[in-house]
Amino acid sequence: MIQEVTMYQAVCDGCGRICASMGGIIAWTDTESAKYVALESGWKEINGNLYCPDCVACDEGTNSYKPKGKEDER
Ligand SMILES: [Zn+2]
């Protein structure tokens, strides 16, 4: 039989891009796996939000990552 299930996927809080794994998988059955794969793919978790590599910048001052486009926020 075919059954509908609830899946979870990582979505960039900056640009809305969906995180796809190496194998092209875009959704998992639990939130932890979705987040784990995103982080393994170079995504960053900042203040509870997820950002794809295109949406984060390395802050040389604090040596930490921050979302792009928020340079004015200090
Ligand atoms: Zn993004």
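Located above this text is the structure these notes cover.
All values reported here derive from a predicted model rather than from experimental measurement.

## Section: the overall build of the protein chain
Turning to step 1, where the next piece is worked out: Looking only at helices and strands, the protein chain has one helix and four strands in total.
Turning to step 2, where the next piece is worked out: Taken from N to C terminus, the helices and strands of the protein chain fall in the order α-β-β-β-β.
Turning to step 3, where the next piece is worked out: Its C-alpha atoms give the protein chain a radius of gyration of 14 Å, clearly above 11 Å, the size a compact globule of 74 residues would have.
Turning to step 4, where the next piece is worked out: Considering only C-alpha atoms, the protein chain reaches an extent of 55 × 20 × 15 Å along its principal axes.
Turning to step 5, where the next piece is worked out: Across the 74 residues of the protein chain, 26% fall into the buried class.
Turning to step 6, where the next piece is worked out: For the protein chain, the proportion of contacts with a sequence separation of at least 24, taken over those separated by at least 6, is 29%.
Turning to step 7, where the next piece is worked out: For the protein chain, the accessible surface area stands at approximately 5,500 Å², while carbon and sulfur atoms represent 48% of it.
Turning to step 8, where the next piece is worked out: Looking at charge distribution, the protein chain has the averaged site of its 7 positive side-chain charges lying 5 Å from that of its 12 negative ones.

## Observations regarding the side chain of D59
Turning to step 1, where the next piece is worked out: One can find D59 in strand β3 (residues 56–59).
Turning to step 2, where the next piece is worked out: Side-chain polar atoms of D59 contact the backbone nitrogen of T62, separated by 3.4 Å.

## Regarding the environment of Y65
Turning to step 1, where the next piece is worked out: Relative to the elements of secondary structure, Y65 occurs in strand β4 (residues 64–67).
Turning to step 2, where the next piece is worked out: Put simply, Y65 and K44 are 21 residues apart on the chain and 7.5 Å apart in space, counted from C-alpha to C-alpha.

## What to know about the pattern of salt bridges
Charged atoms that come close allow side chains of opposite charge to pair.
Turning to step 1, where the next piece is worked out: Evaluation of the coordinates by the stated rule reveals three salt bridges.
Turning to step 2, where the next piece is worked out: In this structure, D54 and R17 form a salt bridge, with 3.0 Å as the shortest nitrogen-oxygen distance. In this pair, D54 is assigned in the loop between β2 (49–51) and β3 and R17 in the segment before α1 (31–40), connecting sequence segments 37 residues apart.
Turning to step 3, where the next piece is worked out: Taking the relative accessible area as the measure of exposure, R17 reaches 37% and is therefore partly exposed.
Turning to step 4, where the next piece is worked out: Across the salt bridge formed by E45 and K35, the nearest N and O atoms sit 3.3 Å from each other. Of this pair, E45 sits in strand β1 (residues 44–46) while K35 sits in helix α1, and the two are 10 residues apart along the sequence.

Thresholds applied
Residues numbered from 1 in each chain as written. Predicted model: local features only at pLDDT ≥ 70, side-chain atom pairs only at ≥ 80, totals over all residues. Heavy atoms only, no water. Helix = DSSP H or I, 4+ residues; strand = E, 2+ residues; numbered from the N terminus. Rg over C-alpha atoms; globule rule 2.2 N^0.38 Å. Buried < 20%, exposed > 50% of the residue type's maximum accessible area, 1.4 Å probe, protein only. Contact = heavy atoms within 4.5 Å. Areas by Shrake-Rupley, 256 points an atom, 1.4 Å probe, with all protein chains shown as cover. Lys, Arg positive; Asp, Glu negative; His and termini not counted. Charge placed at Lys NZ, Arg CZ, Asp CG, Glu CD. Polar contact = N/O pair within 3.5 Å; in protein donor to acceptor, adjacent residues only side chain to side chain. Salt bridge = Lys/Arg side-chain N within 4 Å of Asp/Glu carboxyl O.

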